[in-house]
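As a plain string of letters, each chain reads:
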Amino acid sequence: MNSPTDEQAALIKITLEGRRMAYSDRFDQENLLNLHKAKMHLEMFVGLLSQ
């Protein structure tokens, strides 16, 4: 799995800080955060399986 781009990382950071984008872009912002969380959980799961 690749790392997020610089733009995606910045978007994830501001989302985690609780800031929200304009309503029209909010869906993309929340969708990206959900994908990031899913990736982090999958990486943790794979780590647990490999122990």
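Residues numbered from 1 in each chain as written. Predicted model: local features only at pLDDT ≥ 70, side-chain atom pairs only at ≥ 80, totals over all residues. Heavy atoms only, no water.

Asks: Explain helix H1 (residues 6-16) to me, please; I cannot follow it from the model alone.
Replies: What sets the pattern is the α-helix's 3.6 residues per turn: residues three or four places apart point alike. When we look at burial in H1, the residues that qualify are Leu11, Ile12 and Thr15. Axial view of H1: buried residues confined to an arc of 100°, hence all on one face. Set apart from the buried face of H1 by more than 90 degrees, the exposed residues are Asp6 and Lys13. Where H1 is buried, its residues touch helix H2 (23-49). After H1 finishes, the residue Gly18 shows a positive phi value of roughly 90°. (Buried < 20%, exposed > 50% of the residue type's maximum accessible area, 1.4 Å probe, protein only. Helix = DSSP H or I, 4+ residues; strand = E, 2+ residues; numbered from the N terminus. Arc of directions from axis to C-beta. Contact = heavy atoms within 4.5 Å.)

Asks: Can you walk me through the environment of Leu32 in this structure?
Replies: Topologically, Leu32 is positioned in helix H2. Assessed through its relative accessible area of 17%, Leu32 is described here as buried. In this structure the C-alpha to C-alpha distance between Leu32 and Thr15, which are 17 residues apart in sequence, comes to 9.5 Å. Setting aside anything within four residues of it in sequence, one finds Leu32 in contact with Gln8, Leu11 and Ile12.

Asks: Which parts of the structure should I look at to understand the pattern of salt bridges?
Replies: It is possible for side chains of opposite charge to pair when their charged atoms get near one another. Counting across every chain of the model gives two salt bridges. When the shortest N-O distance is used, the salt bridge between Glu17 and Arg19 registers 3.5 Å. We note a salt bridge from Lys39 to Glu43, for which the minimum N-O separation is 3.0 Å. Of this pair, Lys39 and Glu43 both sit in helix H2, four residues apart, roughly one helical turn. By relative accessible area, which is 18% here, Lys39 ends up buried. (Salt bridge = Lys/Arg side-chain N within 4 Å of Asp/Glu carboxyl O.)

Shape descriptors only; they carry no functional weight alone.
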